Every structure is written in structure tokens, then in C-alpha cells.
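Fold and geometry: a report
If you want the building blocks of each chain, they are given just below.
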Amino acid sequence: MAGPEQGAPPPPPPSSTTTTDALIAAAAAARGNAHAPYSKFKVGAAILGESGRIFAGCNVENAAYPQGQCAEATAIGAMVTAGDRRIRAILVIGGEAGAEELCTPCGGCRQRIREFASPDTPIHICDPAGLRRTFLLDRLLPDSFGPTNLDF
Ligand SMILES: O=c1ccn([C@H]2C[C@H](O)[C@@H](CO)O2)c(=O)[nH]1
């Protein structure tokens, strides 16, 4: 039985670059499935969970507008459904390549992320051309109210 190829270099250890690339791929694929007929603004999100698994989501709009759901909320739902409870990193893709405005999470989603993340959890913001900027949660939601306020 043939073993590994002699002399082949060992696979590189996982790095934050490959993790970010995997999050970008998952979020971009989810964005492709977004249901955004009203805003036409498609968004994808991907979460690196505590288990090392990646959970993706897209925005799901509704004819009754307030019933629409953001991509981040969909991804958080997928994570919780699968049994993970901590967000190690989250990545969002939306908007136009090179647009001045970044597709940062809305206020409600910042709070949703807070439930499962820490002040130093990275939030990567991408456009369809790639990574634009990384914020820590504490920068987007300073002095936040969270589970610790309720002794959790
Ligand atoms: O971070 C964001 C910002 C916006 N949206 C969605 C909500 C709505 O469907 C559309 C326009 O606001 O984009 C997200 O999913 N995530």
C-alpha cells in the first residue's frame, strides 16, 4: 500500500491566514444564497466556533420587512443549533468591491455577537474583493451589556 510520498513536505500548520481564507470562502458562498429581493443588498457571514467548525449564514429578507434577518443572525443560529456556544471569530461580506462604506454589523447584530463572544473577539469585514478591515468587538460595541450583567 502506498504511503505518503517520500520527501513530500509536511502540511503547514493551520494559521490565522488559512482560517480567514476559510471564513471568507464560507461567507461568500452563503452570500450567494442570500434572499434579498427588497434591498438587493446581499450579505454573508461566517463564524469560527469554539470547536473549530465554521458556521455560515446569509440575510433572509421578508415581504413583511421587519421580519427580515441579517446574515450574522443566521450564522449565529447555525452555530447554536450545531452545539457551539462561543464565537472565536466572525467575518462579514457585503457591499460593493472598494466601496467607501464598510458592511459592518448593525447594532442589533453587534449585541447578538456579544452574547457569544468576548471584547477581544475579531470581527473581519470584507467586500466581494476581499478583507477590508478587522475590528475587535469592544471597538464596535463598547461598554456593552452582556451575559455577565446577569451573572452568566
Ligand atoms: O451587517 C449586515 C448589514 C446588513 N444586512 C442585511 C439586512 C438587510 O437584509 C440588508 C440591507 O440592510 O442587508 C446584514 O445581513 N448584515
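Here is what the cut-offs are and how they apply
- Residues numbered from 1 in each chain as written.
- Predicted model: local features only at pLDDT ≥ 70, side-chain atom pairs only at ≥ 80, totals over all residues.
- Helix = DSSP H or I, 4+ residues; strand = E, 2+ residues; numbered from the N terminus.
- Buried ≥ 20, exposed ≤ 12 C-beta atoms within 10 Å, placed from the backbone.
- Contact = placed C-beta atoms within 7 Å.
- Pairing = 2+ DSSP bridges.
- Axes fitted to C-alpha atoms, helices over the stretch in contact; angles between N-to-C directions.
- Near = placed C-beta within 6 Å.
- Nonpolar A, V, L, I, M, F, W, Y, C, P; charged D, E, K, R; others polar.
- UniProt positions renumbered as here; feature names shortened; annotations may be inferred.
- Arc of directions from axis to C-beta.

A separate point is the overall build of the chain. Tallying secondary structure elements over the chain gives four helices and five strands in all. Across its three principal axes, the chain shows a C-alpha extent of roughly 60 × 40 × 30 Å. A total of 152 residues make up the chain; the buried ones form 34% of that total. Within the chain, counting contacts between residues at least 6 apart in sequence, those at least 24 apart form 57% of the total.

Turning to the sheet that holds strand β1 (residues 43-49), a few remarks are in order. Sheet architecture is open: five strands sit in the order β2-β1-β3-β4-β5, paired in mixed fashion. Among the strands making up the open sheet, the edge pair consists of β2 (54-58) and β5 (130-136). Each adjacent strand pair in this sheet contributes to an overall mean axis angle of 20°, direction not counted. As paired elements, strand β4 (residues 122-127) and β5 share six bridges and run antiparallel to each other. Residue pairing across strands places Ile125 opposite Arg133, the latter belonging to β5. Running over the sheet, helix α2 (residues 71-82) touches β1, β2 and β3 (87-94) and is turned about 140° from β2.

Lining the immediate surroundings of the ligand are 16 residues, of which Ser39, Val43, Asn59, Cys70 and Ala71 lie closest. Contributing elements (two or more residues each) for the shell around the ligand: α2 and β3. Of the residues belonging to the shell around the ligand, the class tally is 10 nonpolar, four polar and two charged.

Our focus in this paragraph is the UniProt feature "domain: CMP/dCMP-type deaminase" (unreviewed entry) in the chain. Here, UniProt's "domain: CMP/dCMP-type deaminase" (unreviewed entry) annotation points to residues 18-148. When the span residues 18-148 is considered, its composition is 30% helix and 25% strand, and the gap between its end C-alpha atoms is 32 Å.

The next subject is helix α3 (residues 107-114). Within α3, burial applies to Cys109, Ile113 and Arg114. Along the long axis of α3, the arc covered by the buried residues comes to 150°, so they all point the same way. The outward face of α3, more than 90 degrees from its buried face, is lined by the exposed residues Gly107 and Gly108.

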